Amino acid sequence: MAAVMPAPAASRLLMSGNEAVARAVWESGVKVAAAYPGTPATEMLEEISTYPDVYAEWSVNEKVSLEVAIGAAFAGSRSFCCMKHVGMNVASDALMTLTLTGVIGGLVIAIADDVGLSSSQNEQDSRFWGRFAHLPVLEPADSQEAYAMTKVAFDLSERFQVPVILRMTTRINHVKALVTVGARSERAGAGFKKDPGRWVMTPAGAVKRIPLMFERDVELRKLAEESPLNVLENGSDRRVGYITSGTAYMHVKECFPEAPVLKLGLSCPVPVERCRELAALVDQVVVVEEVEPLVEMELKAAGLAVLGKDILPRQGELAPHVLKPAIARLLGEPVPEMKVAPPMPVFPRPPTMCVACPHLGVYYTLSQVKNLTISGDIGCYTLGAGHPWNALDTCISMGASMGIALGLDKGRGEADKDKRILAVIGDSTFLHMGMQGLLDIVYNKGNVTILLLDNRAVGMTGGQNNPGNGYDLYDNAAPKVDFAKLCESLGVKKERIHTVDPYQLPVLFKTIRDEIKVPEVSVIITDQPCVLTKAYHKQRAYAVIDDKCTGCGNCIEVGCPAIHVTRRGKEVKASGREVDLAFVRIETSVCTGCGLCLQPCAPDAIVHYEPVSPIRLVKN
Amino acid sequence: MHSTTNILVVGIGGQGVMTATEILAEAAIALGHDAKKTEVAGMAQRGGVVSSHLRFGKKVLSPQITPGTADVLLGFEAAEGMRWRHMLRPEGIALMNTARLVPPVVELGLYDYPEDPIAAMKAAGTRVIAFDATTIALDLGDIRLGNTVMLGAIADHLPFSADVLQECVLQRFRRKGEQVVDQNRRAFEAGRAAVGEAQMAAA
Ligand SMILES: Cc1ncc(C[n+]2csc(CCOP(=O)(O)OP(=O)(O)O)c2C)c(N)n1
Ligand code: SF4
Ligand code: SF4
Ligand code: SF4
């Protein structure tokens, strides 16, 4: 993305939390920003890349992105790293020792928790890392705060020489609200100073750093008690006082405008004395925090009688329609009757793969192969678990398809002895965490067939570039991974590596069928781009000749959303068996002419679309 | 108490729901309101359900609309109106495009698409004004004008003048030249008129 002129200082802009953080990163004079995409964090780095004077990169995974940021901070420059919640699981090895070295240049790590799981495989509370790694955690409650706290975080990071966690949630990252922005200040980096006792963490070095970490804890605790980020707002309705943070604060204020509230902006370490102050004002204290009862448990441990998850849900968002009834019940009041009409039952609308997605042919084919256990992974292709394919059996975490496939192979019981194990993994996921798993399969002589779906993009998160497509974050040319050679280097035999066009169904089918029979590791690489990227080229659309369509429904099994049923019927076969018929049409305005659906159409009812021009109609 | 206006825009991924809400937010901000816009959009890009919340007023706290408190529901797709109509307050109004976008799970015969979602909403007691934004856009020469038609449709159901919204809509097309701006102006007016007429007919 090309740099554009940033809006002038004092502009008031409608910004998502992600955009607000990006602006603050630029204003703070950050030199290096690194990330691996992941909803809802992705746009932070994408936005940063539109600002001048910042180096930004897509790293291959979150751990590497954090390490890049650490290096820059060691070099004395300000650096930034962001990720979705599960990204920190990957990066945590670096984090847990980084806390001992600390930093010179300010380092801020923004972690986005997908509270409510809008697009994630689990729900996690990243504030835990603050406790685990002894780091301060800041929690903005809207875009303006996300902007302001990012700037504060850099100052704190340098003052205490500690990386700072900015804990965001989907309702911060993706909510757009007004932000008044400021000016950028330039920063001269301090430069890297050799100091092996600090930068080289051996047992002898680390053992001396641990007491320093505890000293820092004491300082940070003092800071939290005094910090203007923690605000006690008094109120007239003293029956319940609230300790809250992040979006939950907004919900609390919405529901209970008259109640005293302690808003935690710097929530780790917990300012216990401030919490006591609030408790002294009110009859009861309720801690309203998303997701885990962290502050609650710490206050209980400190001897404060607070309520929290005893009366609030432990999962999902604490929106007003959740809070109000819970507090009414606590106060023994009638639960406020919200004049809500009952929801009307409607069919579900799960996300689908795009029209002509290169994964369609793969799953259509897999759905036709018998006797498979399919170890899946994370990306658009996880949707292969759904209808109509039902061709993905497991999905845990990025890259896990490899190790799990090997485990399914080695751990197979008598009942599964004839099952073939197949793993499906995307290009970005393979480069993120999958290739180590493949090495493990090769090294330990597993019997697994791997489908490496190279659509030359990180499709799931919006089609970002990656080392597999030869472009960097700025769309500049970059070295491109050769997947076949990479797999060969990891030890897969050359003759067991095939590159196929996923739109050529017979070739794909034959290659899969042949390779699953071979009792060793094979890799089948598909090589057509994600439809939503520039690399994809649309072709002439197809249409169904109504008279020729027999209603067999085969084309529907491909799963392309451009195919629609026009009418249904029934037919009694010669055998006396009754079969359902579904006659179809193709929505030509969205069909990209990929040619998948015609392959299983026996009567050749699907042909190139001939637009009927008004002129021809007149002539006819 | 009604100091905050709650607008819910619903449809499916790829229809332009979020952009429409953003333009509505811009109009509210242009008038000096505080505003927050948020989505429930699980992997929206791929044809899933999208519901976009806009709240504006003097000061907006929670970004989310509480069920039963939306003032206006702007529906880009007929069945999605049924899915979300419980979000409306009893006196609220649903402005519904009659377009039917049938998902693969229905094509596969796993679920049924409701026969007449608009009628079902009315039967359930929702005030509905329905219009065919897709046909209006096609009549104006470009299906992509549908979003502007939708914004025109809500223009007379906001606590501010339609002109402000129209200006925010047209602003988006200024870069593309006068002809595109004109086309969108007509689309906006057509959406406005369609709702006006439907409302008259119902009265
Ligand atoms: C540790 C971690 N980081 C990031 C994500 C978010 N994420 C989910 S899938 C995916 C990448 C998908 O890309 P690819 O493997 O190329 O498959 P595609 O979506 O293109 O089919 C990402 C970044 C995640 N789930 N877990
Ligand atoms: S975004 Fe790309 S990879 Fe994902 S479903 Fe769409 S076409 Fe397929
Ligand atoms: S595969 Fe051919 S014959 Fe069968 S439903 Fe589709 S278009 Fe009709
Ligand atoms: S050719 Fe068939 S499968 Fe391909 S985009 Fe068109 S309708 Fe979909």
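What counts as what
- Residues numbered from 1 in each chain as written.
- Chains lettered and ligands numbered in written order.
- Predicted model: local features only at pLDDT ≥ 70, side-chain atom pairs only at ≥ 80, totals over all residues.
- Heavy atoms only, no water.
- Near = heavy atom within 4 Å.
- Polar contact = N/O pair within 3.5 Å; in protein donor to acceptor, adjacent residues only side chain to side chain.
- Helix = DSSP H or I, 4+ residues; strand = E, 2+ residues; numbered from the N terminus.
- Core = buried A, V, L, I, M, F, W, Y, C linked by side-chain atoms within 4.5 Å.
- Buried < 20%, exposed > 50% of the residue type's maximum accessible area, 1.4 Å probe, protein only.
- Domains from an automatic or database assignment.
- Contact = heavy atoms within 4.5 Å.
- Buried area = accessible area lost by both parts, 1.4 Å probe.
- Salt bridge = Lys/Arg side-chain N within 4 Å of Asp/Glu carboxyl O.
- Pairing = 2+ DSSP bridges.
- Axes fitted to C-alpha atoms, helices over the stretch in contact; angles between N-to-C directions.
- Phe/Tyr/Trp six-rings, centres within 6.5 Å; stacked < 30°, edge-to-face > 60°.
- Lys NZ or Arg CZ within 6 Å of the ring centre and 35° of its normal.
- pLDDT = per-residue confidence, 0-100.
- Right-handed = clockwise from strand over helix to strand, strands pointing away.

(A) View of the site of ligand 1. All names here are of chain A. Residues in contact with ligand 1 amount to 25 residues; listed here are only the nearest, E62, H359, D427, T429 and G459. A distance of 3.4 Å separates a nitrogen atom of ligand 1 from a polar atom in the side chain of Q121. At 2.7 Å, a side-chain N or O of H359 approaches an oxygen atom of ligand 1. Secondary structure elements with two or more residues in the shell around ligand 1: helix 4 (85-101) and helix 16 (427-443). Looking at which element gives the most residues to the shell around ligand 1, the answer is helix 16, with 4 residues.

(B) Representation of the nonpolar core in the model. Residues and elements named next belong to chain A. Core analysis: the biggest nonpolar cluster contains 77 residues, and L366, L438 and I450 have the highest contact counts within it. Looking at this core element by element, the count peaks at 6 residues for strand 22 (residues 578-586). Both domains that furnish three or more residues to this core are identified here as domain 3 (358-526) and domain 4 (542-608). Apart from the residues within four sequence positions on either side, L366 is in contact with L372, I374, A391, L422, V424, L451 and I512. Core analysis: the second largest hydrophobic core is formed by 67 residues, V54, W129, Y147 and L156 among them.

(C) Fine view of the environment of B:Q171. In this structure, B:Q171 sits in helix 7 (residues 162-171). Counting along the chain gives 34 residues from B:Q171 to B:A137, while the straight-line C-alpha distance between them is 19 Å.

(D) Focus on the interface of chain B and chain A. On the side of chain A, 50 residues touch chain B, which itself brings 53 residues to the contact. Of the roughly 4,400 Å² buried between chain B and chain A, counting both surfaces, carbon and sulfur atoms make up 63%. Our count for the contact surface shared by chain B and chain A stands at 4 salt bridges. With a closest N to O distance of 3.1 Å, A:R349 and B:E77 form a salt bridge. Viewed at the interface, chain A and chain B are joined by 18 residue pairs in polar contact (both at pLDDT 80 or more). Counting residues per element, the ones that place at least two in the side of chain B that touches chain A are helix 1 (17-30), strand 2 (34-40), strand 3 (49-57), helix 2 (78-84), helix 3 (104-107) and helix 4 (117-123) of chain B.

(E) The arrangement of the sheet that holds strand 1 (residues 5-12) of chain B in detail. Spatially, 8 strands are ordered 1(A)-8(A)-2(B)-3(B)-1(B)-4(B)-5(B)-6(B) in an open sheet, and the strand pairing comes out mixed. Edge strands, defined here as strands with exactly one partner in the open sheet, are strand 1 (12-16) of chain A together with strand 6 (127-131) of chain B. Neighbouring strand axes in the sheet, compared pairwise and without regard to direction, differ in orientation by 25 degrees on average. Here strand 4 (residues 70-75) of chain B runs beside strand 5 (residues 88-97) of chain B; their pairing, made up of 5 bridges, is parallel. The residue bridging B:A70 from the neighbouring strand is B:L88, located in strand 5 of chain B. Relative to the sheet, helix 8 (residues 178-202) of chain B contacts strand 5 and strand 6 of chain B, its axis offset from that of strand 6 of chain B by approximately 130 degrees.

(F) The packing of aromatic side chains, seen in detail. This structure, assessed with the given rule, holds 9 aromatic pairs over all chains. Seen from their ring centres, B:F56 and B:F160 are 5.7 Å apart, and the 45 degrees between their planes marks the pair as tilted. Taken together, the residues B:F56 in strand 3 and B:F160 in the loop between helix 6 (146-154) and helix 7 connect sequence positions 104 residues apart. Judged by relative accessible area, B:F56 falls into the buried class, the value being 1%. Taking relative accessible area as the criterion, B:F160 reaches 10% and is therefore assigned buried. The cationic tip of A:K263 hangs over the ring face of A:Y249; the distance from NZ or CZ to the ring centre is 5.3 Å. Over the ring of A:F583 we find A:R567; its NZ or CZ atom is 3.9 Å from the centre of that ring.

(G) Up close: helix 12 (residues 294-301) of chain A. For helix 12 of chain A, the full list of buried residues reads A:L294, A:V295, A:E296 and A:L299. With its phi angle positive at about 90 degrees, A:G303 sits one or two positions after the end of helix 12 of chain A.

(H) Structural context of the environment of A:A33. All names here are of chain A. Relative to the assigned elements, A33 resides in strand 2 (residues 32-35). A33 sits in the buried class, given a relative accessible area of 0%. For the pair A33 and F80, spaced 47 residues apart in the sequence, the C-alpha separation amounts to 4.6 Å. If sequence neighbours within four positions are ignored, A33 has contacts with L45, I48, V54, Y55, A56, E57 and F80.

(I) Main features of the confidence of the model for chain B. All names here are of chain B. Summing up the model confidence of chain B, the mean pLDDT is 94 and the portion of residues at 70 or higher is 97%. Confidence scores differ between elements of chain B, with helix 3 showing the lowest mean pLDDT of 92 and strand 4 the highest of 98. Among the prediction metrics, the complex's ipTM stands at 0.95, with pTM recorded as 0.96.

(J) Representation of the pairing of strand 7 (residues 164-169) of chain A. Residues and elements named next belong to chain A. Summarising burial for strand 7: 6 of the 6 residues are buried, a large majority. In the sheet, strand 5 (residues 107-113) pairs with strand 7 via 6 bridges, with the strands oriented parallel. Residue pairing in the sheet places V108 in a bridge with V164 of strand 7. Examined bridge by bridge, strand 6 (residues 137-138) and strand 7 share 2 bridges and lie parallel to one another. Residue L138 lies in a different strand from strand 7, and its bridge partner there is L166. The parallel pair strand 6 and strand 7 is bridged by helix 6 (residues 143-160), and the resulting crossover is right-handed.

(K) Looking closely at the pattern of salt bridges. The tally for this structure, following the rule as stated, stands at 54 salt bridges over all chains. Note that A:E298 is salt-bridged to A:R131, the shortest N-O span being 2.9 Å. Of this pair, A:E298 sits in helix 12 while A:R131 sits in helix 5 (residues 127-132), and the two are 167 residues apart along the sequence. On the basis of relative accessible area, A:E298 is assigned to the partly exposed category, the value being 28%. Overall, the relative accessible area of 18% leaves A:R131 in the buried class. Counted as one network, the salt bridges with shared partners bring together A:E19, A:K176, B:E22, B:E26, B:K37, B:E39 and B:R172.

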